[in-house]
Amino acid sequence: MNLVLIGFMGSGKTAVGRRLAQRLGYGFLDTDHYIECQIGCSISEIFSIQGEEYFRRLESGLADRLNRLHNMVVSTGGGLPVTTGNMEKLRAAGAVVFLKASHEDILRRLSRDNRRPILRGEDLEETVARLLSERLPVYEQADLVVETQDKGINRVCGEIIHWIGNFDPASRDVPSS
Ligand code: S3P
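Each chain has its residues counted from 1, running along the sequence as written. Only residues with pLDDT of at least 70 are given local features in this predicted model, and only at 80 or more are side-chain atom pairs given and counted; all residues enter the totals for whole chains, interfaces and linings. Heavy atoms from the whole structure form the basis of all side-chain values; hydrogens and water molecules are not counted.

### Let's talk about the overall build of the protein chain
As a reminder, the rule being used: For the purposes of this entry, the term helix denotes a DSSP run of H or I that reaches at least four residues, the term strand denotes a run of E that reaches at least two, and both are numbered from the N terminus. Restricting the calculation to C-alpha atoms gives the radius of gyration, and the globule rule supplies 2.2 Å times the number of residues raised to the power 0.38. In this scheme, a residue with accessible area under 20% of its type's maximum is buried, one over 50% is exposed, and one in between is partly exposed, where area comes from a 1.4 Å probe on protein chains only. We call two residues in contact whenever any of their non-hydrogen atoms come within 4.5 Å of each other. Note that accessible areas follow from Shrake-Rupley with a 1.4 Å probe, and for residues the cover is restricted to the protein chains shown.
Looking only at helices and strands, the protein chain has 8 helices and 5 strands in total. Going residue by residue from the N terminus, the α and β elements of the protein chain occur as β-α-β-α-α-α-β-α-β-α-α-β-α. For the protein chain, whose C-alpha radius of gyration is 15 Å, the value lies close to the compact-globule estimate of 16 Å for 177 residues. When each of the 177 residues of the protein chain is scored for burial, the buried share is 45%. In the protein chain, the proportion of contacts linking residues at least 24 apart, taken out of those at least 6 apart, comes to 76%. Entry remark: accessible area of the protein chain is about 9,000 Å², with carbon and sulfur atoms responsible for 47%.

Below, the structure written as structure tokens:
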């Protein structure tokens with residue numbers, strides 16, 4: 001069984017993913033980091049040299065292969081589940097968990113960090129509001145939604161670990177879309 005973390009930029013997927021993997025004794029894969037190693041440059045460089053579409057193709061190609069993994073925690077880039085077909089691929093790879101950070105937490109974290117090319121040169125509040133409204137309906141298709149506000153990493157991990165013990169993929173009632 002794999003665990004796949006999805007959610008908006010700045011929602012703590014990488015930090016939670018690492019800790020979860022540690023606590024479960026699983027491996028850990030961060031899709032952004034994997035792509036950076038595969039291509040040999042940073043996400044920002046990929047966006048500025050080859051463009052966003054190229055990056056999205058790399059993400060989708062990686063999503064195709066995630067179902068070959070076993071006992072891994074995978075933390076995904078915030079836009080990966082949104083590309084058509086990728087949510088199905090993630091569901092085929094494992095239990096999908098949406099880390100739902102509050103709008104305020106997201107804005108606070110992203111305003112201190114200028115590494116995301118998709119936000120560079122844009123009005124932060126406007127772009128976050130627009131992307132969140134486009135993406136939330138996709139993120140909400142996860143098997144589990146964990147609200148992260150006012151919770152430390154260990155508490156978030158504890159909730160996921162408690163839930164995963166009872167998770168049965170066969171009982172999924174929502175058809176993938
Ligand atoms: C993106 C999120 C980033 C990274 C890229 C694009 C997005 O990952 O994949 O900058 O479109 O939301 P994080 O969610 O880890 O910041």
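### Re the site of the ligand
To be explicit about the condition: Any residue with a heavy atom positioned within 4 Å of a molecule or strand is treated as near that molecule or strand. Under the rule applied, a polar contact is a pair of N or O atoms within 3.5 Å (in protein, one hydrogen donor and one hydrogen acceptor; residues adjacent in sequence only if both atoms are side-chain atoms).
Lining the immediate environment of the ligand, one finds 14 residues, of which K13, D32, R56, G78 and R135 sit closest. Contact distances for the ligand include 2.5 Å between an oxygen atom and a side-chain N or O atom of K13. In the environment of the ligand, an oxygen atom lies 2.8 Å from a nitrogen or oxygen atom belonging to the backbone of G78. For the shell around the ligand, the element with the highest residue contribution is helix α4 (residues 52-65), accounting for 3 residues.

### Looking at the pattern of salt bridges
To keep it simple, the criterion reads: Salt bridges are counted wherever a side-chain nitrogen of Lys or Arg sits within 4 Å of a carboxyl oxygen of Asp or Glu.
According to the stated counting rule, one finds 13 salt bridges in the structure shown. The salt bridge partner of R116 is D113, with a shortest N-O separation of 2.8 Å. The buried category is assigned to D113, whose relative accessible area is 18%. Linked through salt bridges whose partners overlap, the residues forming this network are E52, R56 and E59.

### As for the side chain of S60
Along the chain, S60 falls in helix α4. When neighbours within four sequence positions are excluded, S60 is seen to be in contact with T83, N86 and K89.

### Observations regarding the packing of aromatic side chains
This is how the line gets drawn: When the centres of two rings from Phe, Tyr and Trp lie within 6.5 Å, Trp using its six-membered ring, the rings pair. Their planes under 30 degrees apart give stacked, over 60 give edge-to-face, and anything left gives tilted.
For the structure on display, the rule yields 3 aromatic pairs. Each ring, one from F98 and one from Y139, has its centre 5.1 Å from the other, and the planes form 40°; the classification is tilted. Highlighted residues: F98 in strand β4 (residues 95-100) and Y139 in helix α7 (residues 124-139), separated in sequence by 41 residues. By relative accessible area, Y139 is classed as buried at 0%.

### Focus: the packing of helix α6 (residues 103-111) against α7
How we decide: Here an angle of 0 to 180 degrees is reported between the N-to-C directions of two axes, which are lines fitted to C-alpha atoms, with helices fitted over the stretch in contact. For classification purposes, angles smaller than 35 degrees are called roughly parallel, those larger than 145 roughly antiparallel, those between 65 and 115 roughly perpendicular, and all remaining angles oblique. Each crossing gets its handedness from the near helix: less than a right angle anticlockwise from the far helix is left-handed, clockwise is right-handed. We call Asp, Glu, Lys and Arg charged. Ala, Val, Leu, Ile, Met, Phe, Trp, Tyr, Cys and Pro are nonpolar, and the rest, Gly among them, are polar.
α7 packs onto α6 with a crossing angle of 130° between their chain directions and a minimal axis gap of 11 Å. With respect to their mutual orientation, α6 and α7 come out oblique. In this structure, the crossing between α6 and α7 has a hand that is right-handed. Every residue of α7 that contacts α6 at H103, I106, L107, L110 and S111 is listed here: L124, E125, V128, A129 and L132. Residue classes in the contact of α6 with α7 are distributed as 7 nonpolar, 2 polar and 1 charged.

### Quick look at the sheet that holds β4
Note the cut-off: At least two DSSP bridges between two strands are required for those strands to pair.
As summarised here, the arrangement of the 5 strands in space is β2-β3-β1-β4-β5, forming an open sheet in which the pairing is parallel. Each having just a single partner strand, β2 (27-30) and β5 (144-147) make up the two edges of the open sheet. Taken over all neighbouring pairs, the strand axes of this sheet differ in orientation by 20° on average, direction set aside. Bridge count for β4 against β5 is 4 bridges, and the pairing is parallel. Pairing of K100 across the sheet is with E147, part of β5.

### Here's the deal with a negative patch on the surface
The test is simple: Each patch is built from residues lacking any salt bridge and having more than 30% relative accessible area; the joining distance is 9 Å for like charges and 5 Å for nonpolar side chains (Val, Leu, Ile, Met, Phe, Trp, Tyr). The convention is simple: Lys and Arg are positive, Asp and Glu are negative, and His and the chain ends are not counted. Lysine's charge is taken at NZ, arginine's at CZ, aspartate's at CG and glutamate's at CD.
Residues E122, D123, E125 and E126 make up a contiguous surface patch of negative charge. Positionally, E125 belongs in helix α7. By relative accessible area, E125 is classed as exposed at 55%.

Treat this as a map of the structure, not an account of what it does.
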